[in-house]
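Topology and contacts: notes
Chain by chain, the residues run as shown.
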Amino acid sequence: MPVTDFTERSKFRALVLGGYLEDVEVSGSGHKASIVKTDGGSAFNVATSLSLLGAEVLFLSCFGVCDSDRWSFRSIPVMPDCAHGIFLFSGSDVIAVQKPQPVDVNQELVGILIDEEYDLLYSTLEIGQQAASVISSVKSRIKVVDPSPFHEFKGLDGLGKYDFILANEYMSFEKSDSRLIIKASEKGVNFAGKDYLPPVVGKNRFGSGDIFGSVFSLLLMNGASPEEAIGEAVKVSGEFCSQTRSVEQFMLGIRGSLNYVIRG
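Here goes a summary of the coordinates provided.

What counts and what doesn't
Residues numbered from 1 in each chain as written. Predicted model: local features only at pLDDT ≥ 70, side-chain atom pairs only at ≥ 80, totals over all residues. Heavy atoms only, no water. Helix = DSSP H or I, 4+ residues; strand = E, 2+ residues; numbered from the N terminus. Rg over C-alpha atoms; globule rule 2.2 N^0.38 Å. Buried < 20%, exposed > 50% of the residue type's maximum accessible area, 1.4 Å probe, protein only. Areas by Shrake-Rupley, 256 points an atom, 1.4 Å probe, with all protein chains shown as cover. Lys, Arg positive; Asp, Glu negative; His and termini not counted. Charge placed at Lys NZ, Arg CZ, Asp CG, Glu CD. Axes fitted to C-alpha atoms, helices over the stretch in contact; angles between N-to-C directions. Parallel < 35°, antiparallel > 145°, perpendicular 65-115°, else oblique. Left-handed = near helix turned anticlockwise from the far one by under 90°. Contact = heavy atoms within 4.5 Å. Nonpolar A, V, L, I, M, F, W, Y, C, P; charged D, E, K, R; others polar. Core = buried A, V, L, I, M, F, W, Y, C linked by side-chain atoms within 4.5 Å. Pairing = 2+ DSSP bridges.

1. Notes on the overall build of the chain
- Of regular secondary structure, the chain possesses six helices and 13 strands.
- Here the chain has a C-alpha radius of gyration of 17 Å; the compact-globule value for 264 residues is 18 Å, and the two agree.
- Structurally, the chain occupies a C-alpha span of about 45 × 45 × 40 Å along its principal axes.
- Looking at the 264 residues of the chain, the share that counts as buried comes to 53%.
- Accessible area for the chain stands at about 12,200 Å²; split by element, carbon and sulfur atoms hold 51% of it.
- The chain carries 24 positive and 33 negative side-chain charges, and their two centres are separated by 4 Å.

2. So, the packing of helix H1 (residues 42-52) against helix H6 (residues 247-254)
- Where H1 meets H6, the axes come as close as 10 Å, and the angle between the chain directions of the two elements is 15°. For the element pair H1 / H6, the angle class is roughly parallel. Helix-helix and strand crossings are classified by hand; for H1 and H6 the assignment is right-handed. Contact residues: Asn 45, Thr 48, Ser 49 and Leu 52 in H1; Val 247, Glu 248, Met 251 and Leu 252 in H6.
- When its residues are assigned to classes, the contact of H1 with H6 shows four nonpolar, three polar and one charged.

3. Things to note about the nonpolar core
- Core analysis: the largest hydrophobic core is formed by 50 residues, its most contacted members being Val 16, Leu 50, Phe 59, Ile 181, Phe 212, Phe 216 and Ile 230.
- If you tally residues by element for this core, the top one is helix H4 (residues 208-221), at eight residues.
- In contact with Phe 59, other than residues within four places in its own chain, are Val 16, Gly 18, Gly 19, Tyr 20, Ala 43, Phe 44, Ala 47, Trp 71, Phe 73, Arg 74, Ser 75 and Ile 76.
- In terms of nonpolar packing, the next biggest core, distinct from the first, is built from 32 residues, Leu 60, Val 105, Tyr 118 and Leu 121 among them.

4. Some words on unusual backbone geometry
- In this chain, Ser 148 is followed by Pro 149 through a cis amide linkage whose omega measures -5°.
- Inspection of the secondary structure puts Pro 149 in the loop between strand S9 (139-146) and strand S10 (164-168).
- Phi at Ala 192 is positive, roughly 55°, even though this residue is not glycine.
- Turning to its location among the elements, Ala 192 is positioned in the loop between strand S12 (189-191) and strand S13 (194-196).

5. Here we look at the sheet that holds strand S2 (residues 21-27)
- Here we have four strands laid out as an open sheet, ordered S3-S2-S6-S7, and mixed in their pairing. The open sheet terminates on both sides in strands that have one partner only, identified here as strand S3 (34-40) and strand S7 (93-98). This sheet shows a mean twist of 20° between the axes of neighbouring strands, independent of strand direction.
- Relative to strand S6 (residues 85-90), S2 runs parallel, the two sharing five bridges. The partner of Val 24 across the bridge, within S6, is Leu 88.

6. Points about the environment of Ile 86
- By secondary structure assignment, the location of Ile 86 is in strand S6.
- Ile 86 gets classed as partly exposed once you look at its relative accessible area, which sits at 27%.
- Separated by 92 residues in the primary sequence, Ile 86 and Ser 178 have C-alpha atoms spaced 34 Å apart.

7. Here's the deal with the sheet that holds strand S8 (residues 117-124)
- Judged by pairing direction, the sheet is mixed, and its nine strands sit side by side in the order S5-S4-S1-S8-S9-S10-S11-S12-S13 without closing on themselves. Two strands close off the open sheet at either side, each with one partner strand: strand S5 (74-77) and S13. Adjacent strand axes in the sheet meet at a mean angle of 20° when their direction is disregarded.
- For S12 and S13, the ladder comprises three bridges, and the chain directions are antiparallel. Across the sheet, Phe 191 pairs through a bridge with Lys 194, a residue of S13.

In structure tokens form, the structure reads like this:
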């Protein structure tokens, strides 16, 4: 497996595991409907955001041979010929989801990554909890898991190596778990019993939690405390909820004004 180029050392290295989906947004109806297709998925959004913030990202997911050619980060399929998903939505309403294929991580790939060291491991459950559990053995300074989608969550067994759990407000978790951060989209987050609110409350938007997770994780890598990282991440994700650009367009638009972007 020719992965040497994917594991070269750089200043900040992030390993992201999870889903790649084709996002299909429908506006209007009938013959006047508008359909927009973009690359998406929670883990894909995190990989995109982190790479735009200056991290060197290696993305592990399910995709075809040619899919990754247009992405700004490096990527490896977790298994040969595994299928990506499709996410069909209108506004904040989900119409239908064709799930990415749940898979185990190729053991040859795990054997290579286990000798590497990363600054961040960020996993979702989009390709199954087993994959997130297996990859948690990779050495990383900080390990973050987003247990989405929640129907793939099989309990905390296998997720014990993660430092933070970025759960959504509808998910059932033991509130006493010190690793737990509860996301509420445009309404901010709760951590250790404290609410962190955005300066302006916008509209619920798909991708806001991924932007939160990306900024939060990057700031932790830069040495911020969890509370400091949460405060800034809530501010940025809240700003995303107050406008209409895509995750990629939004991050491209704001990165020049952020003093924690990794440059050169």
